[in-house]
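Survey of secondary and tertiary structure
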Amino acid sequence: MKLNKEEAFTGLEAAIVLIAFVVVAAVFSYVVLGAGFFTTQKAQEVVYTSVDQASSSVEILGDVYGINTSASPAYIDEVRFTVGLTAGGSPVDFSQTTITYSDKNNVSRLEREGSAIATGTIDPGQWGVILMRNNASADLLLEDQEQFTIMVNPIDDISANQEFNLQIRPAVGTAYTISRTAPARILGVNPLY
């Protein structure tokens with residue numbers, strides 16, 4: 001008598017294998033989705049950070065003026081302008097901001113005059129905030145609807161028809177450059193274009 005021995009794959013065994021595959025697939029999909037969410041979050045942070053770094057929050061409000069404090073010879077020894085935030089711009093801390101003066105012969109980083117609001121004259125090689133508008137806290141943080149009038153006294157005097165640049169560089173964000181030319185005839189107060 002010959003025994004017919006056939007091993008069969010029972011329904012219970014099939015169910016166990018199927019459940020094992022489903023559990024492994026669920027764990028794998030959870031890991032993949034978690035990695036995808038993490039990657040998406042990091043990409044979003046990079047985009048927001050790059051937008052903050054690439055855009056300047058500062059803009060010039062009104063004209064830029066060159067001031068001649070001496071009677072003779074006629075040259076510009078101080079530059080005055082007012083800044084505010086761009087629409088939707090993030091606040092700028094002017095205690096951490098640097099201003100650089102440059103012309104065809106010179107590049108110099110100007111130091112900020114020590115106090116929040118400059119009380120006396122601005123010495124050569126310095127800049128300072130001389131007037132704050134809509135600033136209830138009287139700090140150097142330029143926020144929405146606030147305006148700071150800045151006086152810059154470059155190391156070298158600016159002569160007639162001389163081109164120069166002032167670069168405002170906040171601690172966060174891109175620099176804002178002001179390019180101007182002194183007029184041919186220098187008066188006491190000169191609008192610069």
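Criteria and cut-off values
- Residues numbered from 1 in each chain as written.
- Predicted model: local features only at pLDDT ≥ 70, side-chain atom pairs only at ≥ 80, totals over all residues.
- Heavy atoms only, no water.
- Helix = DSSP H or I, 4+ residues; strand = E, 2+ residues; numbered from the N terminus.
- Rg over C-alpha atoms; globule rule 2.2 N^0.38 Å.
- Pairing = 2+ DSSP bridges.
- Axes fitted to C-alpha atoms, helices over the stretch in contact; angles between N-to-C directions.
- Core = buried A, V, L, I, M, F, W, Y, C linked by side-chain atoms within 4.5 Å.
- Buried < 20%, exposed > 50% of the residue type's maximum accessible area, 1.4 Å probe, protein only.
- Phe/Tyr/Trp six-rings, centres within 6.5 Å; stacked < 30°, edge-to-face > 60°.

From N to C terminus, the protein chain includes one helix and 11 strands. Going from the N terminus to the C terminus, the protein chain shows its helices and strands as α-β-β-β-β-β-β-β-β-β-β-β. A globule of 193 residues ought to have a C-alpha radius of gyration of about 16 Å, yet the protein chain, at 32 Å, is considerably larger. Oriented by its inertia axes, the alpha-carbon framework of the protein chain measures out at about 130 × 40 × 25 Å.

In this structure, strand β9 (residues 163-169) lies alongside strand β10 (residues 176-181), joined through six bridges in antiparallel fashion. When the bridges of β10 are listed, E163 appears paired with T181.

Attention now moves to the sheet that holds strand β5 (residues 107-112). Spatially, β10-β9-β4-β5-β6-β8-β2-β1-β11 is the arrangement adopted by the nine strands of the open sheet, whose pairing is mixed. Every interior strand has two partners, whereas the edge strands, β10 and β11 (189-192), have only one. Strand-to-strand twist of the sheet, defined as the mean angle between neighbouring strand axes without regard to direction, takes the value 25°. Two elements, strand β1 (residues 58-67) and strand β2 (residues 78-85), share seven bridges in a ladder whose sense is antiparallel. From the neighbouring strand, G66 faces β2, where its bridge partner is V79.

All right, on to the nonpolar core then. Core analysis: the largest hydrophobic core is formed by 29 residues, its most contacted members being V79, F81, V83, F94, I150, V152 and L166. Elements supplying a minimum of two residues to this core: β1, β2, β4 (98-102), β6 (126-133), β8 (147-153) and β9. In terms of residue count, β2 provides more of this core than any other element does, four residues in total.

A full pass over the atoms with the stated rule returns three aromatic pairs. A centroid spacing of 5.6 Å and a plane angle of 65° characterise the contact between F94 and F148, whose relative ring orientation is edge-to-face. Within this pair, whereas F94 is found in the loop between β3 (92-93) and β4, its partner F148 is found in strand β8, the two being separated by 54 residues in sequence. As far as the burial class goes, F94 and F148 line up, both buried. Ring pairing ties together the aromatic residues F94, W127 and F148, which thus form one cluster.

Residue N134 is not a glycine yet carries a positive backbone phi of 60°. Structurally, N134 can be placed in the loop between β6 and β7 (141-142). Assessed through its relative accessible area of 58%, N134 is described here as exposed.

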